[in-house]
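Observations on the model geometry
If you want the building blocks of each chain, they are given just below.
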Amino acid sequence: RRLRLPLRWGRRVALGPGAAVGKGVRFELGPRGRVTLGAGAWLGSGTRVEADGPVSIGARTLVGARSVFIAGAGISVGDDSVVGDEALLSDRVRVGSRVRIGPRACLLPGADVGDGGFVGVRSVVEGPVAPGSNVIGVPARPQTAAPCRSR
């Protein structure tokens, strides 16, 4: 599979050393669409990338199965991040480094998750998430740790 991508897409799909693409990954690239996978990055089985702009996946970042990236203006995901299964990232999304995005989370246009952030399962992110913050819900809101209570 790794050998067939450059044959079909040429320089529009760039794979760093050790980058891998799972079975059934689909690229639908418009005239300006370009996908870059950093060293050791992984796109899970059945992931779909629809790009009319740049999509950049950082080094050692794992993208879960059946995730969807829809990029008109662009999407970037930093290094050492994890995008859960069936997540959706939709245009003008920036995800920092060391970020965890839960399964089936949805990052809408303009979402910006800072370094070290966490997005909960099935959460919908509409705007900025501060670095190191945990957000969950629809729409996603910052969470604070509940005090521990002993009996």
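Heads up: these notes are all about the structure in this document. Keep in mind that this is a model prediction, so the values were computed, not measured.

Burial along strand E6 (residues 48-51) is one-sided: the face carrying Val49 and Ala51 is buried and the face carrying Arg48 and Glu50 is not. Bridging between strand E3 (residues 26-29) and E6 involves four bridges; their strand directions are parallel. Within E6, the position partnered with Phe27 by the bridge is Val49. By the bridge criterion, four bridges tie E6 to strand E9 (residues 68-71) in an arrangement that is parallel. Paired with Arg48 across the two strands is Val68, which belongs to E9.

Once that is clear, we can look at the nonpolar core. Ranked by size, the top nonpolar core spans 35 residues in total, and within it Phe69, Leu89, Ile101 and Leu107 carry the most contacts. The set of elements that each furnish at least two residues to this core consists of E3, strand E4 (34-37), E6, strand E7 (54-57), E9, strand E10 (75-77) and strand E13 (93-95). Beyond its immediate chain neighbours, meaning those up to four positions away, Leu89 contacts Val68, Phe69, Ile70, Ile75, Val77, Val83, Val95 and Leu107.

What follows deals with the pairing of E4. Going residue by residue along E4, you find Val35 and Leu37 tucked away on one face and Arg34 and Thr36 left uncovered on the opposite face. Bridge count between strand E1 (residues 13-15) and E4: three bridges; the pairing is parallel. Across the sheet, residue Ala14 finds its bridge partner in E4, namely Thr36. Sheet analysis places E4 next to E7, joined by four bridges and oriented parallel. In the sheet register, Val35 faces E7, and the bridge partner there is Val55.

Turning next to the pattern of salt bridges. Evaluation of the coordinates by the stated rule reveals eight salt bridges. The salt bridge involving Asp52 is made with Arg32; its shortest N-O contact spans 3.1 Å. Here the residue Asp52 occupies a position in the loop between E6 and E7, and Arg32 occupies one in the loop between E3 and E4, the gap between them amounting to 20 residues. On the basis of relative accessibility, which here comes to 27%, the residue Asp52 falls in the partly exposed class. Arg66 is paired through a salt bridge with Glu86; the nearest N and O atoms lie 3.0 Å apart. With Arg66 in the loop between strand E8 (62-63) and E9 and Glu86 in the loop between strand E11 (82-83) and strand E12 (88-90), the pair connects residues that are 20 residues apart, well separated along the chain. A relative accessible area of 27% places Glu86 in the partly exposed class. Via salt bridges that share partners, Arg66, Glu86 and Arg104 belong to a single interconnected network.

Basis of the calculations
- Positions within a chain are numbered from 1, following the residues in the order the chain's sequence is written.
- Since the coordinates come from a predicted model, pLDDT governs what is reported: local features require at least 70, and pairs of side-chain atoms require 80 or more to be given and counted, while whole-chain, interface and lining totals use all residues.
- Note that water and hydrogens are dropped before the side-chain values are worked out from all heavy atoms of the structure.
- Burial status follows relative accessibility: with a 1.4 Å probe on protein chains alone, a residue under 20% of its type maximum counts as buried, one over 50% as exposed, and anything between as partly exposed.
- Think of it this way: any DSSP run of H or I at least four residues long counts as a helix, any run of E at least two long counts as a strand, and we number them from the N terminus.
- Should DSSP find at least two bridges between two strands, the strands are regarded as paired.
- The nonpolar core is taken to be a set of buried Ala, Val, Leu, Ile, Met, Phe, Trp, Tyr and Cys residues, with the residues joined through side-chain atoms within 4.5 Å.
- Residue contacts are defined here by distance: any two heavy atoms, one from each residue, within 4.5 Å place the two residues in contact.
- Each reported salt bridge corresponds to a side-chain nitrogen of Lys or Arg within 4 Å of a carboxyl oxygen of Asp or Glu.

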